[in-house]
Amino acid sequence: MSVRYIRENLETRVERERSEFFAGLRNLDRRSFMKVASASLAAASGVGMANFGSFQPINVALGQDENGKEKSFKIAYLSDSHLYQKHVNDRFANSLMRAVEDVNAMEEAPDFIFYGGDLAQLGQPEELELGAEILSGLKYRDRLKIMVGEHDWYFDMGEKWQSLFGSPTWTFDHKGVRFVCLMSVYEEDFWTPAGMSPMERMKTVAGLDNQAQRPFFVGDEQIAWLEKTLADWKDDQPVIVFSHSPLYKLYKNWNFWTEDAEKVQAVLQRFKNVTVIHGHTHQVLTNRIDNIHFHGLLSTAWPWPYAPKGMPEWTVQMNRSDPFNSMDGCGDGEIYVSAEGLVDKVYNLWNRKPMFVSAAYLNEEEDAVPPARPNLPAY
């Protein structure tokens, strides 16, 4: 079964709508955008099925330089597709192709496209090859930056993933922002003493809540690399870090957790504006620890429930997903980076209105309207 066959047999696409909401956001300045985006969360976070089949470009003017050019830029993101081999499950492949089509349909090209990890489900070479083939359909594929997840790694300890995508750790500068990607899903070796096969190791890591695996960590060697990478970067220059697992301790039973997160945070502590973008959690998730803002990514495969022991106070919860709709709570989205390095996050939920988290809200600006917090049933 070829990718072309899957593409030709996708379910009917949800009609791409241009809503008055999006039209009203065009050409707003930063402060006005923050007010509109924050105030609209009350409606956006409701169940309200608005049939947004793909994200629409939003022209957000966040200030101009001395030459009259906009200083902000946009990143499109996709994440956590968990592809199986085609003969096992083609639904997740269809979903990733839907996300690729979303990016290709954008009226304005993103500065780059970020993939947040877990391209494969069981780290099989065929799964990763399928993912690479689908991602090659991106119109702006030369702008793709990709991160590894634990599902991509633990069958062959990253051998196939690295042959396709290179090093899992990288850095680059773009428009005054330093971007750094960390491999944050290392684990202490529990598989060798247990005599596990590669597939047994992979399934144990993929199982998460099985009490057999160990917490994720970044590792001292990589933390030293991070410190060296940022050594020449001034305190007032913005930093954005990509990490598959959240670089804080959210919920250990599901490994929504990075054991040495505090060590990473200590390296980032001196910078005025720091944002961490992570995959893994499959949900709308926002946190702030001191100077660091954290944002989760949506999955194209399935939504994950919120942790039973609570969540960061900054999180604006999406309503409980519809168990009769396999795509509810899934999606992709956009990240807007201002000249100051602050991040405004768009969660493009495929079967709901989009949700926004503004840097103004996270920074507690005086005129920022706090997002509505829906009264939700417990998971």
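Fair warning: this is a prediction, and the values are worked out from it, not measured in the lab. (Residues numbered from 1 in each chain as written. Predicted model: local features only at pLDDT ≥ 70, side-chain atom pairs only at ≥ 80, totals over all residues. Heavy atoms only, no water.)

Engineer: Is there a simple way to think about the sheet that holds strand S3 (residues 144-146) in this case?
Structural biologist: Two orientations exist for strands paired in a sheet by backbone hydrogen bonds: parallel and antiparallel. Strands sit in the order S3-S2-S1-S10-S11-S12 across an open sheet of six strands; the sheet is mixed. Each edge of the open sheet carries a strand with a single partner, namely S3 and strand S12 (355-357). Adjacent strand axes in the sheet meet at a mean angle of 20° when their direction is disregarded. In this structure, strand S2 (residues 112-115) lies alongside S3, joined through three bridges in parallel fashion. Of the residues in S3, the one forming a bridge with Phe114 is Lys145. (Pairing = 2+ DSSP bridges. Helix = DSSP H or I, 4+ residues; strand = E, 2+ residues; numbered from the N terminus. Axes fitted to C-alpha atoms, helices over the stretch in contact; angles between N-to-C directions.)

Engineer: Any chance you could explain unusual backbone geometry here in plain terms?
Structural biologist: Across the chain, the bulk of peptide bonds are trans and the bulk of non-glycine residues have phi less than zero. Of note, Asp80 is a non-glycine position whose phi angle comes to about 50°, a positive value. Along the chain, Asp80 turns up in the loop between strand S1 (73-78) and helix H5 (91-104). Although it is not a glycine, Asp118 sits at a positive phi angle of roughly 60°. Mapped onto the elements, Asp118 comes out in the loop between S2 and helix H6 (125-135). Residue classification places Asp118 among the buried positions, given a relative accessible area of 1%. (Buried < 20%, exposed > 50% of the residue type's maximum accessible area, 1.4 Å probe, protein only.)

Engineer: Explanation requested: the packing of H5 against H6 in the structure shown.
Structural biologist: Helix-helix packing is characterised by the crossing angle of the two axes and by the distance between the axes. Running from N to C, H5 and H6 point in directions that differ by 25°, and their axes come no closer than 10 Å. Relative to H6, the element H5 is oriented roughly parallel. By crossing handedness, the relation of H5 to H6 is classed as right-handed. Every residue of H6 that contacts H5 at Ala93, Leu96, Met97 and Val100 is listed here: Leu130, Ile134 and Leu135. Across the contact of H5 with H6, the residue classes break down as seven nonpolar, no polar and no charged. (Parallel < 35°, antiparallel > 145°, perpendicular 65-115°, else oblique. Left-handed = near helix turned anticlockwise from the far one by under 90°. Contact = heavy atoms within 4.5 Å. Nonpolar A, V, L, I, M, F, W, Y, C, P; charged D, E, K, R; others polar.)

Engineer: I would appreciate a short explanation of the packing of aromatic side chains in the present structure.
Structural biologist: How two aromatic rings sit relative to each other is set out by the distance from centre to centre and by the angle between their planes. Under the counting rule described, the total for this entry stands at 20 aromatic pairs. For the pair Trp153 and Tyr186, a centre-to-centre distance of 6.3 Å together with 90° between the ring planes defines the contact as edge-to-face. Pair noted here: Trp153 is in helix H7 (residues 150-153) and Tyr186 is in the loop between strand S5 (177-182) and helix H9 (191-194), with a separation of 33 residues, a long-range link. With a relative accessible area of 6%, Trp153 lands in the buried category. (Phe/Tyr/Trp six-rings, centres within 6.5 Å; stacked < 30°, edge-to-face > 60°.)

Engineer: Where do I start with the sheet that holds strand S4 (residues 170-174) in this structure?
Structural biologist: One open sheet holds the six strands; their spatial order is S4-S5-S6-S7-S9-S8, and the pairing between them is mixed. At either end of the open sheet lies a strand with only one pairing partner, and these are S4 and strand S8 (286-289). Strand-to-strand twist of the sheet, defined as the mean angle between neighbouring strand axes without regard to direction, takes the value 20°. Across five bridges, strand S7 (residues 274-278) lies against strand S9 (residues 292-296) in parallel orientation.

Engineer: Could you clarify how one ought to interpret the pairing of S1 in this entry?
Structural biologist: Remember that side chains alternate between the two faces of the sheet whenever the strand is regular. Extensive coverage of S1 is indicated by the burial of six of its six residues. Here S1 shows no split at all, with Phe73, Ile75 and Tyr77 on one side and Lys74, Ala76 and Leu78 on the other all buried. With five bridges joining them, S1 and strand S10 (residues 331-337) adopt antiparallel strand pairing. Directly across from Ile75, in S10, lies its bridge partner Ile335.

Engineer: Where do I start with the nonpolar core in this structure?
Structural biologist: Nonpolar side chains in soluble globular proteins tend to end up buried together. In this structure, Leu78, Leu83, Leu96, Val103, Leu119, Ile134 and Leu135 are the most contacted members of the largest nonpolar core, which totals 39 residues. Only S1, H5, S2, H6 and helix H10 (198-207) provide two or more residues apiece to this core. It is H5 that contributes the most residues to this core, seven residues altogether. Sequence-distant contacts of Leu119, defined by excluding residues within four places in its chain, comprise Ser81, His82, Leu83, Leu96, Leu128, Gly131, Ala132, Leu135, Ile146, Asp152 and Phe165. (Core = buried A, V, L, I, M, F, W, Y, C linked by side-chain atoms within 4.5 Å.)

Spatial relationships are all this shows, so hold off on functional conclusions.
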